[in-house]
Amino acid sequence: LRGIEKIGRNLIIASNINLDDISALENLSSVGNGNGKDSNYQLSIYDNRLLEDFCPLTRLFTKGIYYRTTIKSNGYNPTVADIQNGNCRNQF
């Protein structure tokens, strides 16, 4: 996934018991087609218990195109606003 910039539909990252790094997504700039017609596309990241760093998604959430987002049941679960404000990783 390293270097991927656009995903035309949904991106679901779920139930990966060893996933602790999503740095390959740092260049991601859109999830969904970006033309506004298909706003049901979503980014879902859930049930990845070791995942505590969402900073690689900062570009997407500050300059990119995205529609619906679900982040839950991970090692850390920031909101989109948290990530936009730099609170993108577990500090504990």
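Calculation notes
- Residues numbered from 1 in each chain as written.
- Predicted model: local features only at pLDDT ≥ 70, side-chain atom pairs only at ≥ 80, totals over all residues.
- Heavy atoms only, no water.
- Phe/Tyr/Trp six-rings, centres within 6.5 Å; stacked < 30°, edge-to-face > 60°.
- Buried < 20%, exposed > 50% of the residue type's maximum accessible area, 1.4 Å probe, protein only.
- Disulfide = S-S within 2.5 Å.
- Helix = DSSP H or I, 4+ residues; strand = E, 2+ residues; numbered from the N terminus.
- Pairing = 2+ DSSP bridges.
- Axes fitted to C-alpha atoms, helices over the stretch in contact; angles between N-to-C directions.

1. Remarks on the packing of aromatic side chains
To describe a pair of aromatic rings, you give the distance between the ring centres and the angle between the ring planes.
So, step 1. What the rule picks out here adds up to 1 aromatic pair.
So, step 2. Note on phenylalanine 61 and tyrosine 66: the rings are 4.8 Å apart at their centroids and 85° apart in plane angle, and the pair reads as edge-to-face.
So, step 3. Exposure remark for phenylalanine 61: the relative accessible area of 2% places this residue in the buried category.

2. Re the state of the cysteines
So, step 1. In this structure the tally under the stated criterion is 1 disulfide.
So, step 2. Residue cysteine 55 pairs covalently with cysteine 88 via a disulfide, S to S 1.9 Å. In this structure the cystine formed by cysteine 55 and cysteine 88 twists about its S-S bond by roughly 75°; its chirality is therefore right-handed. Residue cysteine 55 is located in the loop between β4 (42–46) and α1 (58–63), and its partner cysteine 88 is located in the segment after α2 (80–84); the two are separated by 33 residues in the primary sequence.

3. Let's talk about the sheet that holds β4
So, step 1. Spatially, β2-β4-β5 is the arrangement adopted by the 3 strands of the open sheet, whose pairing is parallel. With one partner strand each, in any of the chains shown, β2 (11–14) and β5 (68–72) form the two edges of the open sheet. The mean angle between the axes of side-by-side strands here comes to 5°, regardless of whether they run parallel or antiparallel.
So, step 2. The pairing of β4 with β5 spans 5 bridges and is classified as parallel. Among the inter-strand pairings, leucine 43 is bridged to a residue of β5, identified as threonine 69.

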